[in-house]
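Observations on chain architecture
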Amino acid sequence: EMIFVAKPFHASPLSFFYLYSYRVYCATFYAILYRLYNFVSLFKRKPSIIDTSALLNVFLKDINWVGFYLLENNDLVLGPFQGLPACIRIPLGKGVCGTAAQSAKTIIVDDVDQFPGHIACDAASKSEIVIPIFKDGKLIAVLDIDSPQKSRFSKEEAQYLEQFVKVLEMNI
């Protein structure tokens, strides 16, 4: 039951739905961060990227693949993941993962079919986000998340995932 005390703006039921959805959305990411912190502190062990890919797979909605590519020489090599089998090696600068690794910046792709040089590992993937991972200032890996929905990843979600990766970077 909603109680309206004052209307500083013309609120519609839809605007309240979006506000509620946003709060649930933020709470989900805080829950993920909280679990990662607990994982690190309560169990007194460093989180493995195997555990991390499983954790993200459980908590993120509308994704079909999540995993890590580890930097070896000038290639990204498939690491722990959740989803269908994927490409084993990706050269730096190729595809979304290789481009994010080479630029050392998070990349959000709303429609993978429009990304020049996209490497299609899973035909069901329609959008993708890739976040670089660093240790001592050097690139060591990327976190890759795919979705079967176009425009699945927002800039705000990217910020939450970057925070998540920062916690991971401090503990690997």
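Below is a short write-up of the structure. Quantities reported herein were computed from a predicted structural model and do not represent experimental measurements.

1. So, the pairing of strand 6 (residues 138–147)
Burial of strand 6 is extensive: eight of the ten residues sit out of reach of the surface. Both strand 1 (residues 65–72) and strand 6 contribute to a ladder of six bridges, which runs antiparallel. Bridge pairing links Tyr-69 to Val-142 in strand 6. Pairing analysis gives nine bridges linking strand 5 (residues 127–135) to strand 6, with the strands arranged antiparallel. Note that in strand 6 the partner of Ile-129 across the bridge is Ile-145. A loop of two residues connects strand 5 with strand 6, the two strands running antiparallel in sequence, and Asp-136 in this loop sits at a positive phi of about 55 degrees.

2. Remarks on the side chain of Arg-152
Along the chain, Arg-152 turns up in the loop between strand 6 and helix 4 (155–170). Since its relative accessible area comes to 14%, Arg-152 is described here as buried. Here Glu-157 takes part through its side chain, which lies 2.5 Å from a polar atom of the side chain of Arg-152. If sequence neighbours within four positions are ignored, Arg-152 has contacts with Leu-60, Lys-61, Asp-62, Ile-63, Ser-127, Ser-147 and Glu-157.

3. As for unusual backbone geometry
A positive phi angle, close to 60 degrees, is found at Ala-104, a residue other than glycine. Tracing the chain through its elements places Ala-104 in the loop between helix 3 (95–103) and strand 4 (107–109). For Ser-151, which is not a glycine, the phi torsion comes out positive at approximately 55 degrees. Within the element layout of this structure, Ser-151 appears in the loop between strand 6 and helix 4.

Each value, and the rule that gives it
- Note that residues are indexed from 1 along each chain, following the sequence as it is written.
- Only residues with pLDDT of at least 70 get local features here, since the model is predicted, and only at 80 or more are side-chain atom pairs given and counted; chain-wide, interface and lining totals rely on the full set of residues.
- Water and hydrogen atoms were dropped before computing side-chain values, which therefore reflect all heavy atoms in the structure.
- We call a residue buried when its accessible area falls under 20% of the maximum for its residue type, exposed when it is over 50%, and partly exposed in between, using a 1.4 Å probe and counting protein chains only.
- A helix here means a DSSP run of H or I that spans at least four residues, while a strand means a run of E at least two residues long, and both kinds are numbered starting from the N terminus.
- The rule for pairing is simple: two strands pair if DSSP sees at least two bridges between them.
- In protein, a polar contact means a hydrogen-donor-capable atom and an acceptor-capable atom, both N or O and within 3.5 Å, with residues adjacent in sequence counting only if both atoms are side-chain atoms; elsewhere, any N or O pair within 3.5 Å suffices.
- Residues are treated as being in contact if the distance between any of their heavy atoms lies within 4.5 Å.

By themselves these figures say nothing about function.
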